[in-house]
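Read off the chains here:
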Amino acid sequence: MNFINSLLAMLFSGFIFGQSQPSVDFYKAAIHVIPVPSTKGINGKVTYWFNVLDKTDSVFLDAKNMDFSSVLLNGKKVRHSNAKDKIVLYKKLKADKAYKLTLDYSVIPKQAVYFLGWEDSLADNNQIWTQGQGKYTSHWLPSFDDMNEKVEFDLKLTFNKEYEVIANGKLKDTFLKGSLKTWFFDMKRPMSSYLLAFAIGNYDSEKVINKNGIPIELYYYPMDSLKVEPTYRYTSEIFDFLSEEIGIDYPWQNYKQIPVRDFLYAGMENTGATIFSDGYVIDSMAFVDKNYVNVNAHEMAHQWFGNLVTEKDSNHHWLHEGFASYYALLAEKKLFGNDYFYWRLYESAKRLQQLNNQGKGEALTDPKASSLTFYEKGALALHILRTKVGDKFFKKGMMTYLEKYQFANVTISDFISEMELASELDLNDFVQSWLNDTEFPFEKVKLLLASSSKDLQTYFSLQSELMSSNSGNEEIISQIWSSNLSHRLRENIILDYHESLSESFLRDAFDTKDLKTRQALSIATDRIPSEMKKQFESLLEDKSYITIENALYRLWISFPEDRIAYLEKTNGIIGLPNKNVRMLWLLLAVLTRDYLSDVQRTNYKEELFGYTSEINSFEVRQNAFSLISEVYPLSDQNLKDLVNASVHHSWQFRNFARNLIERLLRDDKQKQRLIEISKELKGKELRYIQSKLQV
Ligand SMILES: [Zn+2]
């Protein structure tokens, strides 16, 4: 690195990681937070206790755009300045002395706290939830963007008693005063500020006690009681497995999981209180298509890797994401078997090779690496390390690492040193090729995976045989097809080679009773030849919403004379949380001649067009925008919903909406309509659409 670059990196790291103040140590906090839905604001009070290690004349806390009504140090007013992003106290502080700082504040957080559903007329979709990592807790609480400042936070929240309030720690007590209730949560151990969290909404919960006596609370919306089992399937198994496999007891008093609407990610591992996307709240039929198991295990593993031991800064991010991903895969290996595990690693390897081939390979020590690198290369790297040092020493090294650095901060070299001590091996080569290098050694990885999985071995030798042999693909595939293949292998064969397989082969392939193989067939075939009509029709009976969606669409396209029968058969199926089957069904029903009465057609169209509205989750809205815009012009209300979506807090959804707006603006007529509609908009929505219309 040259000088300019390293200087930039230093400036940049101060900005990204938060500034540190080594002369003081904050160790305890008592927080009282009152969220105010009408203003989307927070009124709060926080008391911090800290020790001064080296004499200093100022102390700061990160605090974004906050107003302070009172700032007291040891009960007395103290000179301070309140910049945009921090509050600084000016006072000569002596070493080896303890201080108490109390701040009263109010803030309208720009991010990190999200208020949903408070503006519509529905009462049961109201939620407030937080996201600290990447969004900075200092938007709602004066706290520490620097992950190295670990504090024991006790959180108290006051809110309307009709709601459930959930936060980190153990609920010690509640206190009722009129319509307001105060919840007292107690933490026993310190953590970084980004792991603080609360969620407020309409929830019921189920409690599970695991083997070590740690209570696990599973939250759900009251209407979803039948979805609790499939959504949280294997939760205690995963919990018991992780404690056993990691070899260190779960470090916190309890564990809660809370689904929320329109979450920014799949899940977030707040200490003892994982918040996750309610797009994972599923019925038992959806389990085969989309389930929470991997995310569940990943966030739980973070309770050790990230929460108990925390990276010093994002140069060491592998220690969080790679480790959580690896242990999640181990949990799944225990549940779904060896082959599942190795196929997943192989799929990761394929994606990483692709990145590598585009010249975009990344080092795990690069703080700006993509999540593919941090999560998947990160997990593979740990697998490689484990094969290198052996199970016994791997576990020993991991245990001493966690014990030595518990409730503290770590670097990659801290971890490597513990592994070297445990195994008595020099791990320099591993560090060089797996952590520092940007190259991805695909062939080496393939060989290693094949040596552990018979299934992959069969697959790889099939691949090379198909490349080199003079016989036809089908002939070669037929030789192994009838033997005892795993469904993953069959699925991959269908997806990779369906084009060179005959109709009669594919027809026979439908006979496997396996859902995933049949799903692969439903995806692989675009136009259904009449010889395969019967097989495709049988897919409408499969217990998979993705299969049903694929089959319904392809059958409807391919056999117009039977459209009504297909619609009758699938009427009333909702599907995945994004309502995939229902929305496709509505669209096809409306488009089918002689199926609906005029009233029905109007009602169904209204239902479909209504799914773009803000009262729905963004997964539903996105699906509705896509489907409708393929066939119809968007209605005025859809266009308003689209502009609303273009300023949504979820960047994936926001980008989707912005792209669709760009597309519409290329059409003069649509542009004119957007101009008309913008007259009824205000605030962020108006600002965004105006910026687009002016260009
Ligand atoms: Zn993670």
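Here the structure is a predicted model, which means the values were calculated and not measured.

## Examining the pattern of salt bridges
Opposite charge on two side chains permits pairing when their charged atoms draw close. For the coordinates displayed, the defined rule picks out 28 salt bridges. For Lys404, the salt bridge identified is with Glu418, shortest N-O distance 3.1 Å. Highlighted residues: Lys404 in helix 8 (residues 391-405) and Glu418 in helix 9 (residues 412-423), separated in sequence by 14 residues. One salt bridge in this structure joins Glu541 and Lys569, with 2.6 Å as the shortest N-O distance. Of the two residues, Glu541 sits in the loop between helix 17 (533-539) and helix 18 (545-558) while Lys569 sits in helix 19 (residues 563-570), which places them 28 residues apart along the sequence. On the basis of relative accessible area, Lys569 is assigned to the partly exposed category, the value being 43%. Taken together, the shared-partner salt bridges in this structure form one network comprising Lys28, Glu152 and Asp154.

## A few points about the coordination of the zinc ion
At this site the zinc ion is bound by His298 (NE2), His302 (NE2) and Glu321 (OE), with donor distances of 2.0 to 2.1 Å. Read from N- to C-terminus, the donor residues coordinating the zinc ion fall into the pattern H-x3-H-x18-E. Note that His298 is positioned in helix 4 (residues 293-302) and Glu321 in helix 5 (residues 318-336), a separation of 23 residues in sequence.

## What to know about the nonpolar core
Among the nonpolar cores identified, the biggest contains 224 residues, and Trp318 and Phe415 are the most heavily contacted of them. In terms of residues, this core owes the most to one element, helix 5, which gives 10 residues. There are two domains that each give this core at least three residues, and those are domain 1 (15-202) and domain 2 (309-452). When neighbours within four sequence positions are excluded, Trp318 is seen to be in contact with Phe323, Leu364, Phe374, Gly378, Ala381, Leu382, Ile412, Phe415, Phe430 and Leu435.

## A short note on helix 22 (residues 618-631)
Helix length check: helix 22 (14 residues) gives 20 Å between terminal C-alpha atoms against 20 Å at 1.5 Å per residue, within 8%. Of all 14 residues in helix 22, 10 are buried, a share of seventy percent or more. Taken as a whole, helix 22 has its buried residues at Phe618, Glu619, Val620, Arg621, Asn623, Ala624, Phe625, Leu627, Ile628 and Ser629. Structurally, helix 22 contributes buried residues whose contacts are with strand 21 (273-277), helix 20 (580-591), helix 21 (598-610), helix 23 (636-645) and helix 24 (651-665).

## Here's the deal with the sheet that holds strand 12 (residues 164-167)
The strand order across the open sheet built from 4 strands is 9-10-16-12, with neighbouring strands paired in antiparallel fashion. Edge positions in the sheet fall to strand 9 (113-116) and strand 12, since each has one partner strand and no second. Pairwise comparison of adjacent strand axes, ignoring direction, gives a mean angle of 10 degrees for this sheet. Pairing geometry for strand 10 (residues 127-130) and strand 16 (residues 198-201), over 2 bridges, is antiparallel. If you follow Ile128 over to strand 16, its bridge partner there is Ile200.

## Describing the sheet that holds strand 17 (residues 204-209)
A sheet is described by the order of its strands in space; here 5 strands give the open sequence 17-18-19-21-20, paired in mixed fashion. Where the open sheet ends on each side, the last strands, each with one partner, are strand 17 and strand 20 (267-268). Where strand 20 and strand 21 come together, 2 bridges link them in antiparallel fashion. Looking at the pairing, Met268 lines up with Ile275 of strand 21. Strands strand 17, strand 18 (215-220) and strand 19 (255-260) of the sheet are contacted by helix 3 (residues 235-246), whose axis makes an angle of about 145 degrees with strand 18. Along the sheet, helix 4 makes contact with strand 19, strand 20 and strand 21, crossing strand 19 at roughly 130 degrees.

## With respect to the domain arrangement of the chain
We note that the domain assignment places domain 1 (15-202) and domain 2 (309-452) within the chain. Put simply, the middle of domain 1 and the middle of domain 2, counted by C-alpha atoms, are 34 Å apart. With 10 residues of domain 1 at the interface, the matching set in domain 2 holds 13 residues. Taken together, the two surfaces of domain 1 and domain 2 that pack against each other cover about 920 Å², and 52% of this comes from carbon and sulfur. Our enumeration of links across domain 1 and domain 2 arrives at 0 salt bridges. Viewed at the interface, domain 2 and domain 1 are joined by 5 residue pairs in polar contact (both at pLDDT 80 or more). The residue makeup of the side of domain 1 that touches domain 2, split by class, is 5 nonpolar, 3 polar and 2 charged.

## Quick word on the side chain of His302
Among the structural elements, His302 can be located in helix 4. At a separation of 3.1 Å, a polar atom in the side chain of His302 contacts the side chain of His298. Here Phe305 takes part through its backbone oxygen, which lies 2.9 Å from a polar atom of the side chain of His302.

## Some points on the pairing of strand 2 (residues 41-52)
Direction of pairing for strand 1 (residues 24-36) relative to strand 2: antiparallel, over a ladder of 12 bridges. Paired with Val24 across the strands is Val52, a residue of strand 2.

Cut-offs used in this document
Residues numbered from 1 in each chain as written. Predicted model: local features only at pLDDT ≥ 70, side-chain atom pairs only at ≥ 80, totals over all residues. Heavy atoms only, no water. Salt bridge = Lys/Arg side-chain N within 4 Å of Asp/Glu carboxyl O. Helix = DSSP H or I, 4+ residues; strand = E, 2+ residues; numbered from the N terminus. Buried < 20%, exposed > 50% of the residue type's maximum accessible area, 1.4 Å probe, protein only. Donors = N, O, S within 2.8 Å, 3.2 Å for Na, K, Ca; no water. Core = buried A, V, L, I, M, F, W, Y, C linked by side-chain atoms within 4.5 Å. Domains from an automatic or database assignment. Contact = heavy atoms within 4.5 Å. Expected span 1.5 Å × (residues − 1). Pairing = 2+ DSSP bridges. Axes fitted to C-alpha atoms, helices over the stretch in contact; angles between N-to-C directions. Buried area = accessible area lost by both parts, 1.4 Å probe. Polar contact = N/O pair within 3.5 Å; in protein donor to acceptor, adjacent residues only side chain to side chain. Nonpolar A, V, L, I, M, F, W, Y, C, P; charged D, E, K, R; others polar.

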